[in-house]
Amino acid sequence: MMRAGERIVGPLRRHYNRRTRFNHRGISMPHNQGSRSIGRTSGPSVQAYNATAKWLHWLIVLMVLAQFTIAILMPDVGPNTVPGVLLDRHFSLGIVILVVMAVRLVYRWRHPVPLDMADSPAWERWTARAVHLAFYFILLVGPFLGWASASAHKLPVKLFGVIALPDIAAPRARWALTAGDIHTLMMWLLLALIVLHAAAALYHHFSRHDGVLRRMLPARSE
Ligand code: HEM
Ligand code: HEM
């Protein structure tokens, strides 16, 4: 009998590990039991995220890409910057991303994802986890730094021109001006990580021919 955390090695390894899930402690579970996080599968042996997790993932992707487009087009923020449409859109969409990301984090806690890339080396699995963690961190902390910078530059944050949010820093507050610089740096780092993350997903799909990309894509009917 297999003990908790033990994985099969030898000729049966690839077959068994693909059909076996490991929870966050590395405990193997039969294919159809355990966390509700595993929804429909997109192939006989491919584990997948459930529909809500996929929706949240691709919604964030669309919003973050739109946000970078706005950030590139909007005017530089400095002592004499006046409020304008693009800055308003940047602030509003940024707050929406923050809220959706918070929902996603809570959802992730309530539905742990015991997926693993059984055939990948440990460094790859750890890198993937570190990048996912960095996404959560940057998209949950970074918006507050941008908000502080907006307040320090006396730029009001009004959600789509309707709901006025409070200032979170005094005008010209030094810490908040520094927070703005960190916000900018963090967000360009985020873009670099997104390129790495997308390249890794495409590499798995087209070069490794495994199920890593498929488990985040809409399920196809057999
Ligand atoms: C959550 C997603 C967000 C992303 C991806 C993002 C991205 C960016 C990027 C790339 C820049 C640099 C633009 C440049 O180099 O010219 C920037 C600057 C800025 N963002 Fe954001 N942002 C986000 C959220 C927010 C939020 C929620 C606010 C305010 C409520 C905000 C306020 C600002 C401000 C004030 C600057 C100028 C910073 C400075 O130079 O002090 N951002 N943002
Ligand atoms: C704004 C851009 C993106 C962000 C912030 C992002 C974020 C994330 C996060 C946090 C996860 C971990 C799963 C979770 O916690 O729900 C994840 C998984 C995943 N993402 Fe993205 N992602 C982005 C773009 C993309 C793109 C462009 C692709 C495909 C080309 C992609 C493909 C995947 C795949 C295949 C997984 C599953 C990986 C696995 O199961 O180990 N992502 N993504």
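Above: the structure in question.
My aim in this report is to walk through the structure given alongside it, one point at a time. No experiment lies behind these values; they were computed from the predicted model shown.

1. Focus on the overall build of the protein chain
In step 1: When its secondary structure is counted, the protein chain shows five helices and four strands.
In step 2: Its helices and strands in sequence order give the protein chain the pattern α-β-β-α-α-α-β-β-α, from N to C terminus.
In step 3: The contacts in the protein chain between residues at least 6 apart in sequence include a share of 62% that link residues at least 24 apart.

2. Here's the deal with the site of ligand 1
In step 1: For ligand 1, the set of nearby residues contains 25 residues, the closest of which are Ala71, Gly94, Pro143, Gly146 and Gly180.
In step 2: Put simply, the parts of the chain that give the shell around ligand 1 at least two residues each are helix H2 (51-73), helix H3 (85-110), helix H4 (122-152) and helix H5 (174-208).
In step 3: In terms of residue count, H4 provides more of the shell around ligand 1 than any other element does, seven residues in total.
In step 4: Residues belonging to the shell around ligand 1 are distributed by class as follows: 15 nonpolar, nine polar and one charged.

3. Points about the site of ligand 2
In step 1: In the vicinity of ligand 2, 19 residues are found, and the nearest of them are Val64, His132, Ala198, Ala201 and Met216.
In step 2: For the shell around ligand 2, the elements supplying multiple residues, two or more each, are H2, H4 and H5.
In step 3: Looking at the shell around ligand 2 residue by residue, the class counts come to 14 nonpolar, three polar and two charged.

4. A short note on the packing of H3 against H4
In step 1: Taken N-terminus to C-terminus, the directions of H3 and H4 make an angle of 150 degrees; their axes are 9 Å apart at the nearest point. Judged by the inter-axis angle, H3 sits roughly antiparallel to H4. Two packed elements cross with a definite hand, and for H3 against H4 that hand is left-handed. Across from Phe91, Gly94, Ile95, Ile97, Leu98, Met101, Ala102 and Leu105 in H3, the residues of H4 making contact are Tyr136, Leu139, Leu140, Pro143, Gly146 and Ala150.
In step 2: The residue inventory of the contact of H3 with H4, partitioned by class, reads twelve nonpolar, two polar and no charged.

5. Re H4
In step 1: Helix length check: H4 (31 residues) gives 44 Å between terminal C-alpha atoms against 45 Å at 1.5 Å per residue, within 8%.
In step 2: Largest kink in H4: about 25 degrees, centred on Gly142, with the proline Pro143 one to four residues after it.
In step 3: Of all the residues in H4, the buried ones are Ala128, Leu139, Gly142, Pro143, Leu145, Gly146, Trp147, Ala148, Ser149, Ala150, Ser151 and Ala152.
In step 4: Where H4 is buried, its residues contact H3, strand S3 (157-159) and H5.
In step 5: Taken from the residues just after H4, Lys154 is the one with a positive phi, measuring 55 degrees.

6. A closer look at the nonpolar core
In step 1: In terms of nonpolar packing, the biggest core is built from twelve residues, these being Leu87, Phe91, Ile95, Leu145, Trp147, Ala148, Ala150, Ala152, Leu155, Val157, Ala176 and Ala179.
In step 2: Elements with a minimum of two residues in this core: H3, H4 and H5.
In step 3: Counting residues per element, this core draws most heavily on H4, at five residues.

How each quantity is defined
- Residues numbered from 1 in each chain as written.
- Chains lettered and ligands numbered in written order.
- Predicted model: local features only at pLDDT ≥ 70, side-chain atom pairs only at ≥ 80, totals over all residues.
- Helix = DSSP H or I, 4+ residues; strand = E, 2+ residues; numbered from the N terminus.
- Contact = placed C-beta atoms within 7 Å.
- Near = placed C-beta within 6 Å.
- Nonpolar A, V, L, I, M, F, W, Y, C, P; charged D, E, K, R; others polar.
- Axes fitted to C-alpha atoms, helices over the stretch in contact; angles between N-to-C directions.
- Parallel < 35°, antiparallel > 145°, perpendicular 65-115°, else oblique.
- Left-handed = near helix turned anticlockwise from the far one by under 90°.
- Expected span 1.5 Å × (residues − 1).
- Bend = angle between axes of the 7 residues up to and from the residue.
- Buried ≥ 20, exposed ≤ 12 C-beta atoms within 10 Å, placed from the backbone.
- Core = buried A, V, L, I, M, F, W, Y, C linked by C-beta atoms within 7 Å.

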